[in-house]
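Below are the chains, spelled out letter by letter.
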Amino acid sequence: MTLTVKDMTVAYGERTVLEKISFTIENGTIIGLVAPNGTGKTTLFNAIMRFIPIKSGEIKIDETVYSASESDVLALHEKITFFPNQADLYDNFSGTEHIKMYAKVWSGREQEVEQIIDRLQMRDYVDRVVGTYSLGMRQRLCFAMMVAANTPIMFMDEVMNGLDPENVSLVSDILIDLRKSGKIIIVASHLLDNLDEYADKVFFLKDRILYRVNDHHQPKPDYFRIVCTQAQAGTLEAADLLPKETIHLGNSVLCIPIEGLNEAQQMALYQHIRKLEDVEIKIGPLGTSEYYSHIYGLEIHSFDRGQAAHAEQPDK
Amino acid sequence: MKKMAYFEWLKIARDWKTRILAIGFLVFFGTFSLLYRQQEVTLPEIQLRGEYADAQQIFRLIPESHFDGELGEEVQRTLGRNATLIGLNQYILGQQEGNTVAGIEDVVSDYLSNGRELAENNLFLHETTEFESYELLKEVYLPTRAEVEKDLKFYSALEANGLDIEWNPLASSQILIQQVELVTGVILFIFIALLAGDAFTKDQVKNWSVSQGLPIPWKKQWRLRSFMFWGIIWTVTLIGLAISYVVSLLFETTGTLQYPIEIFIDGASEYIPSWQYMLLVIGSGMLLSLVILLLTTGLSWIIRNIYLTILIVIALYFAPAIWNSLPPLTAWQPSFYVNIQGILQGESAFQYGLDGLVFWKLPFILLGIWLLLEISFKQIFNLIPTQSLGLQRRKIK
């Protein structure tokens, strides 16, 4: 199965939110979709689901184009499920009833509900009404509903929202299993390092377009990734050792591409860096979080851990 | 649709509003007979007392001289006999024994014979156009010819079924008739509006992402929910009616479900047993309620505001009155058929001067409206119910 979106443009009145978005996703693929809040991730899902009108563009599954006609939308909804918002769950339904509802409507495999409950470790609370659940419990339930629906294409919007590290890991494992069974999954998430653990590709939305695609199956260039102060970065720049492709992330991280440097140049640069005090250095390809900081110009790696404030405190 | 039916039912059944309304209306319907007993009712005996006074009064209004001559004497004799007959029937009703009074049958005769003689006398008086005070007689004393003929049919219906005249307006069967008529009037509209006014609203406001994207057409969900509400309304109503009837049997005379009730058929009044009349009223109410429910749940999908939906649905009960105030176009005009009781008993036909306002047209009219709703909502459900931008038109290439 292949999901293709071609030249999709979405506008709210005069304001264009997404412009000429195009991509093709093969089965057995997990796509990470990242962008700051309000950039159009949910709008992209809503547009593909036909929950909002699209201005232009085409949605295809395999070779079939799904128009906005009622019959096409229903056929589309048989193949795609959309991750529910945890606040939208029925407070007076139990978790089991929610999961059974999705299983019955989509896959018809109600007999697997118990297995899903055990897999997501929900047994101790799943028969209580949802009104009593914490955010994390609700989030796991939403994920369980998607698993129960078992559609070939799944849109997981903010799937890790409110989950503790253990459950993030649990959900990640199940996503990997779902991929093995041939699903097409798009995960919108702000846990960028977590995305790198399972996503085949990461889509970055910016300025209304699909700005960048990182393919985790393609070879990636290595970098010196240095966490330092701005003054230290200035020292390195002054030494004229940095290639012009060097990326400054926020106020404290330098990503220096080393692919264009020969071994001697790399060593010289390394020795220079080592002379700086209290600097962290890592060597390897950049992760989604670095690209995210670079693309959206965010200062997410704060290097100020409060030393300055502690230093100013008078001795007791 | 079947795969979603159970969960749709859960949504409705677990809603506190549904439960409170169901219990509230069940208590109201179930205790109706007790409430009805609290109100002031005029006993038929008392009504006849008024008629007896009128019968006396007419002698004072007609000049003595007009009773001269053969016709005058005949009229005087007839009026006198009528006063006697009314007095006898008043006495019979007062004794609360049935159509006659045991032991003095020869004196008081029986209610039906007296009534029939009274009606025939009145028909005779309608013929006395040569009588000098005929116009006065007609204006202040005589019931219309149609009313007299209706009375004759009523007595025949009682006689044919071997029934006694009902002296007790609070008899169980009489209360049941009143209640059946009540539950198919404005109460039905209020029940529907309160119960189904937010049929889709909650899903679209509070549970949007869980209820959207189901591979089930809105049209099927719309019909499914409407039928479920319909089931709740009529289960509550019928159980309430049964409870109320049983309770009334404990406190009042039973009356009879065979008691004749007027129904308007083919331009004339006929009498049918009250159980048949109640079945007709309830059947018509069931059809009407289904159409109103389809409209209400559909509106809740569009409007997403329970208060506005309630207002519109209740206004629907009163809106036909405005349409009816305009010159009628045809007896098939749907606005006439909201008043089920008026159509069945011929009051609407009489009020609007349309003999074609008959009850058998009601199902056809309602089926026509249903078809119209199906066509309209097929178009409406093509819109996209977006989460925050209201309904949006699809752009289908």
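Residues numbered from 1 in each chain as written. Chains lettered and ligands numbered in written order. Predicted model: local features only at pLDDT ≥ 70, side-chain atom pairs only at ≥ 80, totals over all residues.

A few points about the overall build of chain B
To be explicit about the condition: Helix numbering and strand numbering both begin at the N terminus, where a helix is a DSSP run of H or I of at least 4 residues and a strand a DSSP run of E of at least 2. Any residue surrounded by 20 or more other C-beta atoms within 10 Å of its C-beta is treated as buried, while 12 or fewer makes it exposed and the intermediate range makes it partly exposed; C-beta atoms here are placed from the backbone. Here, residues touch in the contact sense if the C-beta positions derived from the backbone fall within 7 Å of one another.
Tallying secondary structure elements over chain B gives 19 helices and four strands in all. Projected onto its principal axes, the C-alpha coordinates of chain B cover approximately 90 × 50 × 30 Å. Taken across its 397 residues, chain B has 34% of its residues classed as buried. Looking at chain B alone, contacts between residues at least 24 apart form 77% of all its contacts between residues at least 6 apart.

A look at the domain arrangement of chain A
When the parts come together, some accessible area is lost, and that loss is often what is quoted as the size of the interface. Residues and elements named next belong to chain A. Going by this rule: Boundary definitions for the domains trace back to an automatic or database domain assignment. Each residue is assigned to one of three groups, with Ala, Val, Leu, Ile, Met, Phe, Trp, Tyr, Cys and Pro labelled nonpolar, Asp, Glu, Lys and Arg labelled charged, and all others, Gly among them, labelled polar.
Splitting chain A by domain gives domain 1 (2-215) and domain 2 (223-309). Its C-alpha centre places domain 1 at a distance of 35 Å from the equivalent point of domain 2. Of the residues lining the interface, 13 residues belong to domain 1; the matching set on domain 2 comes to seven residues. When residues of the side of domain 1 that touches domain 2 are traced back to their parent elements, those giving at least two are strand 3 (29-34), helix 7 (192-198), strand 9 (201-206) and strand 10 (209-215). With four residues, the top contributor of residues to the side of domain 1 that touches domain 2 is helix 7. Split by residue class, the side of domain 1 that touches domain 2 holds seven nonpolar, two polar and four charged.

A word on the sheet that holds strand 2 (residues 15-26) of chain A
Residue and element names in this part refer to chain A. The test is simple: Two strands make a pair as long as DSSP finds a minimum of two bridges between them. Throughout, an axis means a line fitted to C-alpha atoms (over the contacting stretch in the case of helices), and angles, computed between N-to-C directions, take values from 0 to 180 degrees.
If you trace the four strands from one edge of the open sheet to the other, you get 2-1-4-5, paired in antiparallel fashion. The two strands at the open ends of the sheet, each matched to only one other strand, are strand 2 and strand 5 (64-65). Pairing geometry for strand 1 (residues 2-12) and strand 4 (residues 56-61), over five bridges, is antiparallel. Of the residues in strand 4, the one forming a bridge with Thr9 is Ser56. On top of the sheet, helix 1 (residues 41-48) reaches strand 1, strand 2 and strand 4; it is set at about 70° to strand 2, its chief contact.

Quick look at the environment of Gly240 of chain B
Residue and element names in this part refer to chain B. Topologically, Gly240 is positioned in helix 14 (residues 218-251). Distance from Gly240 to Thr31, taken between C-alpha atoms, is 7.8 Å for residues 209 residues apart in sequence. Setting aside its immediate chain neighbours within four residues, Gly240 contacts Phe25, Leu26, Phe29 and Gly30.

Digging into the sheet that holds strand 9 of chain A
Residue and element names in this part refer to chain A. Strands sit in the order 6-7-8-3-9-10 across an open sheet of six strands; the sheet is mixed. Of all strands in the sheet, those bounded by a partner on one side alone are strand 6 (80-82) and strand 10. In this sheet, neighbouring strand axes are inclined to one another by 20° on average, regardless of whether the strands run parallel or antiparallel. Pairing of strand 3 with strand 9 involves four bridges; the strand directions are parallel. For Ile31, the partnering residue across the bridge sits in strand 9 and is Lys201. Where helix 1 meets the sheet, it contacts strand 3, strand 6, strand 7 (153-157), strand 8 (184-188) and strand 9, and its direction lies at approximately 150° from that of strand 7.

Section: the pairing of strand 4 of chain A
As defined by bridge partners, strand 4 of chain A adjoins strand 5 of chain A across two bridges and the pair is classed as antiparallel. Bridging across to strand 5 of chain A, Lys60 of chain A finds its partner in Val65 of chain A.

Brief notes about the domain arrangement of chain B
Residues and elements named next belong to chain B. Taken as a whole, chain B is organised into domain 1 (2-40 + 169-392) and domain 2 (44-160). A C-alpha centroid distance of 42 Å is found between domain 1 and domain 2. Every contact between the two is made by five residues of domain 1 and, on the other side, five residues of domain 2. Contributing elements (two or more residues each) for the side of domain 1 that touches domain 2: strand 1 (260-265) and strand 2 (268-273). It is strand 2 that provides the largest number of residues to the side of domain 1 that touches domain 2, a total of three residues. Grouping the constituent residues of the side of domain 1 that touches domain 2 by class yields two nonpolar, one polar and two charged.

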